[in-house]
Amino acid sequence: MSQLFENRGFVVPGDVLAEGNLRSGENTYRLHGKIHATRVGLVEYSRGVVSVIALEANYEPRIGEIVIGSVVDVDLSGWVANIEGPSLALLNVVDALDEPFKPEMALPSIFDLGDLIVAKVVSLGRDGTPKLSTLGSNLGRVVGGRLVRMTPSKIPRLIGKKGSMVNMIIKETGCQIVIGQNGIILVNSKERDMEDLVVQVLQKIESEAHTTGLTNRIYEFIREMKEKRKR
Amino acid sequence: MSPTKRKLIVDGVRLDGRKVDEVRPMKIECGVLPNANGSSYVEQGRNKILVGVFGPREMHPKHLADLRKAVLRCRYHMAPFSTDPRRSPAPSRRDTELSMVIRNALEPALFLERYPRASIDVFAEILEADGSTRCACTVAASVALVDAGIPMRDLVVACSAGKVNGEIVLDLNDIEDKEGEADLPVAYMPKLGKVTLLQMDGVLTQEEFDRSLKLALEGCKKIYEFQKEALKMKYGKQEEKESVEQD
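Residues numbered from 1 in each chain as written. Chains lettered and ligands numbered in written order. Predicted model: local features only at pLDDT ≥ 70, side-chain atom pairs only at ≥ 80, totals over all residues.

A short note on the sheet that holds strand β5 (residues 47-58) of chain B
Residue and element names in this part refer to chain B.
Then, number 1: Strand order in this open sheet of 5 strands is β3-β4-β5-β7-β6, and the pairing throughout is mixed. Either end of the sheet is taken by a strand with one partner, and the two such strands are β3 (26-30) and β6 (71-78). Here the average twist between neighbouring strands, direction ignored, is 15°.
Then, number 2: In this sheet, strand β7 (residues 118-128) lies alongside β6 in parallel orientation, the contact comprising 8 bridges. When the sheet's bridge partners are listed, Val71 is paired in β7 with Ser119.
Then, number 3: Sitting on the sheet, helix α1 (residues 93-106) is in contact with β6 and β7, with an inclination near 140° to β6. (Pairing = 2+ DSSP bridges. Helix = DSSP H or I, 4+ residues; strand = E, 2+ residues; numbered from the N terminus. Axes fitted to C-alpha atoms, helices over the stretch in contact; angles between N-to-C directions. Contact = placed C-beta atoms within 7 Å.)

Dropping the structure here:
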């Protein structure tokens, strides 16, 4: 067992992170007893597990996650949505209506081509095709607001421990924020000023993710910006 | 081939002032295209190459999808103004072949089996060509793949070596490539120690081949440092902040 990098050191794909009896965690793989990184990021050694905090990652859907995607096709019994993952996602009518489906119901009147939807991943098919559902609070068609993109691997930072970061932002700015785990964030507010501020905040989080004490600094930042606006 | 042989190496110094075992200075920048998932721009000598990566995403047309793994698609294309004289903008036989060569060089580094039915698309556009473009493209493409957040076994580095005026030289430029005796492009995964591309154009003896290959691998290691630096330029800042804050 040996660590070959400093904890939280910068690594690129292929870098040998450790040798010997350690478990290979996220964004790593094991080959001939050595653990290599698969993505750019910061290496983390903790209790027998070696993992990499990815600084850039493509989206891989997981069950239970909220995503924001656009409807790209309307079928006879459902919709196909692009959630920017490795494959398109399916949304069946029974997962979109809370009443029994009748044949005379027109699917495009529920979600039409190009509509943006907030949905939940309920299952993954055998080939990894995600199945979505829009039943639940805050799910369904997006009617307004602003979209901001962020690398999917940085979304946990935006949410914070038990939602501490995002709740703080919502409280301070009064904006509605819907976070898609696929890196698409919807910001909605009656005040345009506050929307602008949240967009700035999100950009700040994106560039400063993986620093400690970020929530406090973001809090200070929002306070400062609000002061400036008052003047 | 023109019979007039110019002297390309005088007292161990090449036309562009390099020594025989020296690579050209290289500039790599990543994340240059906002609409691509990953991108990079590389300048190596007079080579100027732009690479964009998209995916993994749903494969179109669907019949090309593989049920077991993702399909890597590469496009190598030389812009009409990249060479003198101008070339036709249509993809040539050579472009098609190099697309395949670059795809084969990159494929071993990717976890294609993780994304069944998907496609990963790499578009490499040569804006200015100055020899060893297939190597420079491979170098740029692997940085762009990392920038796209696609998991990789290792970075892929590439460099050429060859024989010019009877001497084994590293990283051939356009003139050396055209007037030299042999060209040996090599792509390599430095941390795994595996060669993913090995081509040869021209004539080398067994002994010269061994020396060229060794030299090319040395060159690869030098270029690997440029790649790492480029990634550090974009992502490494976050590490510095981290350490500052801990103090």
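Having put the structure on the table, let's press on.
Points about the environment of Glu176(B)
Residues and elements named next belong to chain B.
Then, number 1: Its location among the elements puts Glu176 in helix α3 (residues 174-179).
Then, number 2: The exposure class of Glu176 is buried, given the 25 C-beta atoms found within 10 Å.
Then, number 3: Residues Glu176 and Glu218 lie 42 residues apart in sequence; the distance between their C-alpha atoms is 19 Å.
Then, number 4: Contacts of Glu176, omitting those with residues within four sequence positions, involve Leu8, Gly131, Gly162, Val164 and Val169. (Buried ≥ 20, exposed ≤ 12 C-beta atoms within 10 Å, placed from the backbone.)

Notes on the interface of chain A and chain B
Then, number 1: On the side of chain B, 31 residues touch chain A, which itself brings 29 residues to the contact.
Then, number 2: Its residues assigned to classes, the side of chain A that touches chain B shows 11 nonpolar, 12 polar and 6 charged. (Nonpolar A, V, L, I, M, F, W, Y, C, P; charged D, E, K, R; others polar.)

Things to note about the pairing of strand β6 (residues 34-37) of chain A
Residues and elements named next belong to chain A.
Then, number 1: Relative to β6, strand β3 (residues 16-19) runs antiparallel, the two being bridged by 3 bridges. If you follow Ala18 over to β6, its bridge partner there is Ile35.
Then, number 2: Counted along the chain from strand β5 (residues 28-31) to the antiparallel partner β6, the turn is 2 residues long, and its residue His32 has a positive phi close to 50°.

Things to note about helix α4 (residues 192-208) of chain A
All names here are of chain A.
Then, number 1: With 17 residues, α4 should cover 24 Å at 1.5 Å per step; its first-to-last C-alpha distance of 24 Å lies within 8% of that length.
Then, number 2: In this structure, the buried residues of α4 make contact with β15 (146-149), α2 (155-159), α3 (164-173), β16 (176-179), β17 (184-188) and α5 (214-230).
Then, number 3: Where α4 terminates, the next one or two residues include His210, which has phi positive at roughly 70°. (Expected span 1.5 Å × (residues − 1).)

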